[in-house]
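Notes for the structure review
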Amino acid sequence: MKFLVDQQVEDIELPENLKLNTFLQEFHSDCPHPECNFGFYGFAFGQSPFPVPKMIQDALIKNADKGAYAAVPGIPELRNAISKYNKHYFELDVDPQRIYVGPGTKELIFNLLEILHGTVILPTPAWLGYLPQIRFLKKNYHMLPTRANKKISPSDLRKLALRLHDRQKILILNNPNNPTGLLYDKLELEEIADVCREQSIAVISDEIYAQTTYDFSKFVSMGKIYPEGTFVTNGLSKSHAAGGYRLGYVIFPQHAVDLKTQFKKILATEYTAVSTPIQHAAVPGFEISNEMEEYFEITRNIHKIMGEYTYNALSEIEEVKVTKPEATFYLLADFNSFATELQTAKITTSQRLSESLIVHPYHTAIVGGDSLVLERTDYSARIAFVDYNGAKVYENYQNQKPKTYSDRIEFAKNNAPKIVAGIKMISKFFDLLKKDTANKITQKKDSLSIPG
Ligand SMILES: Cc1ncc(COP(=O)(O)O)c(C=O)c1O
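Presented here is an overview of the structure given in this document. All of these numbers come straight from a predicted model, not from anything done at the bench. (Residues numbered from 1 in each chain as written. Predicted model: local features only at pLDDT ≥ 70, side-chain atom pairs only at ≥ 80, totals over all residues. Heavy atoms only, no water.)

1. Structural notes on the pattern of salt bridges
The following threshold applies: One speaks of a salt bridge when a side-chain nitrogen belonging to Lys or Arg is within 4 Å of a carboxyl oxygen belonging to Asp or Glu. Under the scheme used here, helices are H or I runs from DSSP no shorter than 4 residues and strands are E runs no shorter than 2 residues, and both carry numbers assigned from the N terminus. Working definition: with a 1.4 Å probe on protein chains only, accessible area under 20% of the residue-type maximum means buried, over 50% means exposed, and in between means partly exposed.
This model, assessed by the stated rule, comprises 17 salt bridges. One salt bridge connects Glu198 with Arg158, and the closest N-O pair in it is separated by 2.7 Å. Of the two residues, Glu198 is situated in helix H8 (residues 186–198) and Arg158 in helix H7 (residues 154–163); the sequence distance between them amounts to 40 residues. The exposure class assigned to Glu198 is partly exposed, which follows from its relative accessible area of 45%. One salt bridge in this structure joins Asp431 and Lys435, with 3.5 Å as the shortest N-O distance.

And the structure:
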């Protein structure tokens, strides 16, 4: 039998993360050069390299016998722990009743987009996960390109909202931000919140990277600034290096009682509840303990060291603009100053740039601008700095904490040789590109000067 696929699904583009996998398999083909056996320099995948905290692993083993379905919004122990976690780390006073647990924040964001009426405002560049969901749900949406500082401009937000005639709009705020690694400060959030109040904009504040903020005291949750209009999402995936556990949560605004009932309906219809053993395993991950505190501190410090190294090394390539990460394990590198050279080399889109970097001799995987909801011709790329052995580096950090700037550079060089080598490859690529273009221009001039 030949199965027919529903037209609605056929019309959906392949999500970018799947595209990325296919792309890497296709282009990073079997290289005949033995020196390339190492695979590739992986700046593309956004996954924490560290081991899942031991307490979580132990709790998972201990709760393997929990075969019963859990309550739709999550088991009470977990909702209580998440409530205390939010109070302790993010100064959010949240009744456990306002917390819903789901199989990852990606699913919960999708569920929120399902129940919330209104046009979606998507600031760009953006994480590659949002747009396919918005399209799948056939929601109206508008991009909100950020300015040179790569942050939402409140006045641009107001201008856009004024053009939209829905009674309610939805802003997707991702703070700290993937792909830029940037963090919004309190004042910036207040200015955005003012516009949201004035223009009836509900905010989905994706704060999945909050715990990775290098100087943790600097993180401010939008849930604190705009409590009446913000849905905060967070989970295990990045801060606890447990993306594969598939566990996230959403905090509902204080007075959204009706909405919670609707939300429960959706969760019950779509997935009943998150796996019960996984929920039990997550409890110690959100409880306040010295072990978790140490884990968060060490992992965020290592992200900071790798971020600092990557930022400095990429900034040394002439004319490349790089965002300076304050959280996450990403930064945005802007290669647009090479636009002329790239076009001369027939690298006309960001997709072509990613392709040119993954093949021999570079073997370097990046996420191009078209996967970050930028124009196809925008030569910006997301660079993830996690290509190292997380377990080993964690141990090395515990044994000898780098103190000074030069200690940190040394630490990055010793512990993340693939990051070091990969950046050299990016540098080499642009170096050769420039030389090639210069040669072509000279050749053209020479050939023009030959009579006849
Ligand atoms: C900005 C952002 N939001 C959400 C997610 C998805 O998180 P989860 O594993 O909780 O679905 C990711 C994962 O890459 C992300 O980068």
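2. Digging into the side chain of Arg79
The test is simple: Counted charges follow a simple rule, with Lys and Arg positive, Asp and Glu negative, and His plus the chain ends left uncounted. Here, residues are in contact when the closest pair of their heavy atoms is within 4.5 Å.
Residue placement: Arg79 occurs in helix H4 (residues 76–90). In this structure, Arg79 is buried with no salt-bridge partner, the nearest side chain bearing the opposite charge being Asp95 at 7.0 Å. With residues near it in sequence (within four places) discarded, Arg79 still touches Pro73, Gly74, Pro96, Gln97, Ile99, Tyr100 and Val101.

3. Brief notes about unusual backbone geometry
That bond from Thr124 to Pro125 is cis: its omega, 0°, falls within 30 degrees of zero. Checked against the element boundaries, Pro125 lands in the loop between strand E3 (119–124) and helix H6 (130–136). In the segment running from His360 into Pro361, the intervening peptide bond is cis, with an omega of 5°. One can find Pro361 in the loop between helix H14 (350–358) and strand E11 (364–365). Positive phi values are uncommon outside glycine, yet Glu91 reaches one of about 55°. Following the sequence through the fold, Glu91 ends up in the loop between H4 and strand E2 (99–102). Residue Val373 is not a glycine yet carries a positive backbone phi of 60°.

4. Quick notes on the site of the ligand
Rules: Working definition: residue near molecule or strand if any one of its non-hydrogen atoms lies within 4 Å of it. Under the rule applied, a polar contact is a pair of N or O atoms within 3.5 Å (in protein, one hydrogen donor and one hydrogen acceptor; residues adjacent in sequence only if both atoms are side-chain atoms). Only the protein chains shown count as cover for residues, and all accessible areas are computed by the Shrake-Rupley method using a 1.4 Å probe. Three residue categories are used. Nonpolar comprises Ala, Val, Leu, Ile, Met, Phe, Trp, Tyr, Cys and Pro, charged comprises Asp, Glu, Lys and Arg, and polar comprises the others, including Gly.
In the vicinity of the ligand lie 13 residues, with Thr105, Asp206, Tyr209, Ser237 and Arg246 positioned nearest. Within the backbone of Lys106, one N or O atom sits 2.9 Å away from an oxygen atom of the ligand. In isolation the ligand offers 400 Å² of accessible surface; the protein chains occlude 92% of this area. For the shell around the ligand, the per-class residue count stands at four nonpolar, five polar and four charged.

5. Quick word on the side chain of Thr323
By secondary structure assignment, the location of Thr323 is in the loop between strand E9 (321–322) and strand E10 (330–334). Here the side chain of Thr323 touches Thr180 through a polar contact of 2.8 Å, landing on its backbone oxygen. A distance of 2.9 Å separates a polar side-chain atom of Thr323 from the backbone nitrogen of Leu332.

6. Topic: the environment of Gly129
Examined against the element boundaries, Gly129 turns out to sit in the loop between E3 and H6. The buried category is assigned to Gly129, whose relative accessible area is 4%.

7. Let's talk about the packing of helix H12 (residues 290–315) against helix H16 (residues 405–415)
Put simply, the rule reads: Each axis is a line fitted through C-alpha atoms, and for a helix only the stretch in contact is used; angles between axes span 0 to 180 degrees, taken between their N-to-C directions. For this classification, under 35 degrees means roughly parallel, over 145 means roughly antiparallel, 65 to 115 means roughly perpendicular, and everything else is oblique.
Two numbers describe how H12 lies on H16: the axes approach to 9 Å, and their chain directions differ by 90°. The angle between H12 and H16 falls in the class roughly perpendicular. Between H12 and H16, the contacting residues are Ile305, Met306, Glu308, Tyr309 and Asn312 on the first element and Tyr405, Arg408, Ile409, Phe411, Ala412, Lys413 and Asn415 on the second. Residues of the contact of H12 with H16, tallied by class, amount to seven nonpolar, two polar and three charged.

8. Brief notes about the nonpolar core
Where we set the bar: Among buried residues, the Ala, Val, Leu, Ile, Met, Phe, Trp, Tyr and Cys ones that are joined through side-chain atoms within 4.5 Å form a nonpolar core. All domain edges in this entry derive from an automatic or database-based domain assignment.
Core analysis: the largest hydrophobic core is formed by 88 residues, its most contacted members being Phe286, Met306, Phe335 and Ile426. The element that contributes the greatest number of residues to this core is H12, accounting for 10 residues. In this structure, this core is formed jointly by two domains, domain 1 (7–46 + 292–445) and domain 2 (65–288), each of which donates at least three residues. Setting aside chain neighbours within four positions, we find Phe335 in contact with Val320, Leu342, Leu353, Tyr379, Ser380, Ala381, Ile426 and Phe430. Ranked by size, the runner-up nonpolar core spans 38 residues in total, among them Leu24, Leu108, Leu112 and Ile172.

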